Structure formats: C-alpha cells, structure tokens
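Below are the chains, spelled out letter by letter.
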Amino acid sequence: MKEIAYSILSSDFSKLEDDLNIMLNSGVKYLHYDVMDGHFVNNISFGPHVLSTINKEHKLINDVHLMITNPRDYVEKFVLANADIITFHYEALKNDDDIDEIINLIHTYNCKCGLSIKPKTSVDKIFKFLNKLDLVLIMSVEPGFGGQSFIEETYKKIEVLDGFKKKYGLNFIIEVDGGVNNTNGKKILKSGANLLVCGSYLAKADHKKEAILSILGD
Ligand code: DX5
Ligand code: ZN
C-alpha cells in the first residue's frame with residue numbers, strides 16, 4: 001500500500017469542504033487530523049467536535065494524530081466523533097503499562113490504534129508494542145506545526161522499523177509525518193513507509209492529482 005493522508009491543518013478552514021472534495025476527487029483516501037493541546041506541543045489546533053462536524057459528509061478514512069499529554073481521557077470522544085485510527089505519542093506516557101492500557105482501550109472500541117515517536121526518539125523504544133499496533137507514525141519534523149523541513153535521519157528509522165516488521169511478519173502500517181513533498185516522497189516509500197502525511201505541499205499545489213503523483217510516483 002502507498003497512500004497519502006492529507007493533513008487538514010494546512011487548510012483554510014473557511015473553505016474546508018471544498019478542499020476535502022478536491023482531495024477526495026484527486027484520490028486521497030485518508031484525512032489526517034492533528035490534534036494539539038498547547039501542552040504536549042506549543043500549538044493548539046482542534047478537538048473532537050471539529051472531527052465530528054467534518055465527518056457528516058465525506059467517506060475518507062479518519063486518521064487522528066493526538067499530540068496531547070493525556071490521550072487516555074480523549075479516546076472515547078474521538079471514537080464517537082468517527083475516528084477510524086487513533087494514534088497517540090510514546091513520549092506522552094510515563095511507562096509501558098500506560099501505553100499498553102491505551103492500546104487496549106482503543107481496540108475495545110474496534111478502532112485502529114497507532115503509536116507515534118518524535119524525531120529524537122529511537123525506534124527500538126517501541127519494539128515491544130509493535131505486535132499490538134495497527135500503525136506506527138514516525139514524525140519527520142518536531143510535532144507542533146505544519147510547513148517544516150523533513151529531517152533526513154528519518155529514512156534510517158523507517159528502514160529499521162520496516163526491517164523489524166518483515167523479520168517478525170507483522171502487518172502494521174508505517175506512516176511518516178512532516179515535510180513530505182515531491183522531493184522526498186518516493187525515497188520515504190522506498191525506505192518502507194506505506195502512508196505519507198502531507199499538509200502544506202498539497203494545500204499549496206494548484207493541481208492536486210499531479211502533486212499526489214509527484215509524491216507517490218506511479
Ligand atoms: C506536525 C503535524 C503534521 C503536519 C504536516 O505536528 O503532525 O501532520 O501538519 O504538515 P506538513 O506536510 O506541512 O509538514
Ligand atoms: Zn500529524
């Protein structure tokens with residue numbers, strides 16, 4: 001699988017519906033929601049209400065990226081708002097038991113579960129959780145803002161993660177988030193990623209279909 005997840009953070013919210021229709025018609029299947037609490041990251045974005053209102057119309061897969069200090073308390077709210085995948089941050093939790101508990105909680109709602117690591121967190125920290133996860137989100141910029149440059153060290157992390165996945169015959173999606181564009185998309189996929197989050201590059205592109213093709217290749 002190779003797909004784009006469009007990050008709505010880069011959209012003009014007054015024209016969001018138009019944006020989503022264009023993305024849908026251009027072949028985008030995943031919508032990426034960057035939820036920020038002003039605490040885990042400096043920025044504040046939006047919460048479950050925004051997700052549930054957007055969700056009335058479209059048929060895209062709702063990929064929720066929680067950049068928040070206390071993900072446990074918000075799982076149910078995002079499930080009720082129609083999240084299909086809920087991803088939380090390894091760095092937000094104090095110990096492994098807490099991480100296991102949240103993975104289980106998300107799965108009790110029949111929702112897919114992802115775990116994310118920031119650029120400075122090494123992949124081996126999350127090896128022990130991989131057999132329980134549906135998705136791993138590797139941040140290729142420091143979380144908090146769209147429009148930053150892709151961190152080159154990310155390729156190696158993707159390769160290590162993909163190596164582990166193949167060695168143990170696991171099935172989780174490898175998602176990469178931050179600074180994705182036409183110059184790095186194909187190399188990110190070649191490293192082993194399946195799902196590329198893209199915000200500013202796609203939002204700015206005049207021709208979305210062509211822009212998607214330029215990121216993913218044929
Ligand atoms: C950063 C977010 C990203 C970001 C991607 O904290 O998690 O999803 O919005 O945007 P671009 O593609 O502009 O880096
Ligand atoms: Zn994100």
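Basis of the calculations
Residues numbered from 1 in each chain as written. Chains lettered and ligands numbered in written order. Predicted model: local features only at pLDDT ≥ 70, side-chain atom pairs only at ≥ 80, totals over all residues. Heavy atoms only, no water. Donors = N, O, S within 2.8 Å, 3.2 Å for Na, K, Ca; no water. Helix = DSSP H or I, 4+ residues; strand = E, 2+ residues; numbered from the N terminus. Buried < 20%, exposed > 50% of the residue type's maximum accessible area, 1.4 Å probe, protein only. Salt bridge = Lys/Arg side-chain N within 4 Å of Asp/Glu carboxyl O. Core = buried A, V, L, I, M, F, W, Y, C linked by side-chain atoms within 4.5 Å. Contact = heavy atoms within 4.5 Å. Pairing = 2+ DSSP bridges. Axes fitted to C-alpha atoms, helices over the stretch in contact; angles between N-to-C directions. Arc of directions from axis to C-beta.

1. Remarks on the coordination of the zinc ion (ligand 2)
For step 1, the next point in the chain: Taken together, His-32 (NE2), Asp-34 (OD), His-65 (ND1) and Asp-177 (OD) make up the protein donors of the zinc ion (ligand 2), found 2.0 to 2.3 Å from the metal.
For step 2, the next point in the chain: Going along the chain, you hit the donors of the zinc ion (ligand 2) in the pattern H-x1-D-x30-H-x111-D. Of this pair, His-32 sits in strand 2 (residues 30-36) while His-65 sits in strand 3 (residues 61-67); the two residues are 33 residues apart in sequence, bridging distant segments of the chain.
For step 3, the next point in the chain: Residue classification places His-65 among the buried positions, given a relative accessible area of 0%.

2. Comments concerning the pattern of salt bridges
Opposite charge on two side chains makes pairing possible when the charged atoms of those side chains draw close.
For step 1, the next point in the chain: For the structure on display, the rule yields nine salt bridges.
For step 2, the next point in the chain: For the salt bridge of Lys-15 with Asp-12, the shortest nitrogen-to-oxygen distance reads 3.5 Å.
For step 3, the next point in the chain: Take Lys-15: its relative accessible area is 48%, and that puts it in the partly exposed class.
For step 4, the next point in the chain: Asp-12 sits in the partly exposed class, given a relative accessible area of 37%.

3. Notes on the nonpolar core
Within soluble globular proteins, side chains that are nonpolar generally end up buried alongside one another.
For step 1, the next point in the chain: Among the nonpolar cores identified, the biggest contains 66 residues, and Ile-4, Ile-8, Ile-86, Phe-88, Ile-188 and Leu-196 are the most heavily contacted of them.
For step 2, the next point in the chain: With sequence-adjacent residues up to four places away left out, Ile-4 is seen in contact with Val-28, Lys-29, Tyr-30, Leu-195, Leu-196, Cys-198, Leu-202, Ile-212, Ile-215 and Leu-216.

4. A short note on the sheet that holds strand 7 (residues 173-177)
For step 1, the next point in the chain: In spatial order, the strands read 1-2-3-4-5-6-7-8; together these eight strands close into a barrel with parallel pairing. Neighbour-to-neighbour, the strand axes of the sheet open up by a mean angle of 25°, direction not taken into account.
For step 2, the next point in the chain: Both strand 3 and strand 4 (residues 85-89) contribute to a ladder of three bridges, which runs parallel. Considered in strand 4, the bridge of Val-64 is made with Ile-86.
For step 3, the next point in the chain: Where helix 8 (residues 208-216) meets the sheet, it contacts strand 1 (3-7) and strand 8 (195-198), and its direction lies at approximately 125° from that of strand 1.

5. Some thoughts on helix 8
Quick reminder: α-helices carry 3.6 residues per turn. Residues three or four places apart thus point the same way.
For step 1, the next point in the chain: Of all the residues in helix 8, the buried ones are Lys-208, Ala-211, Ile-212, Ile-215 and Leu-216. Buried positions in helix 8, seen along its axis, are confined to an arc of 120° and lie on one side of it. Exposed positions of helix 8 whose direction lies more than 90 degrees from the buried face are Lys-209 and Glu-210.
For step 2, the next point in the chain: Of the residues trailing helix 8, Gly-217 is marked for its positive phi of about 80°.

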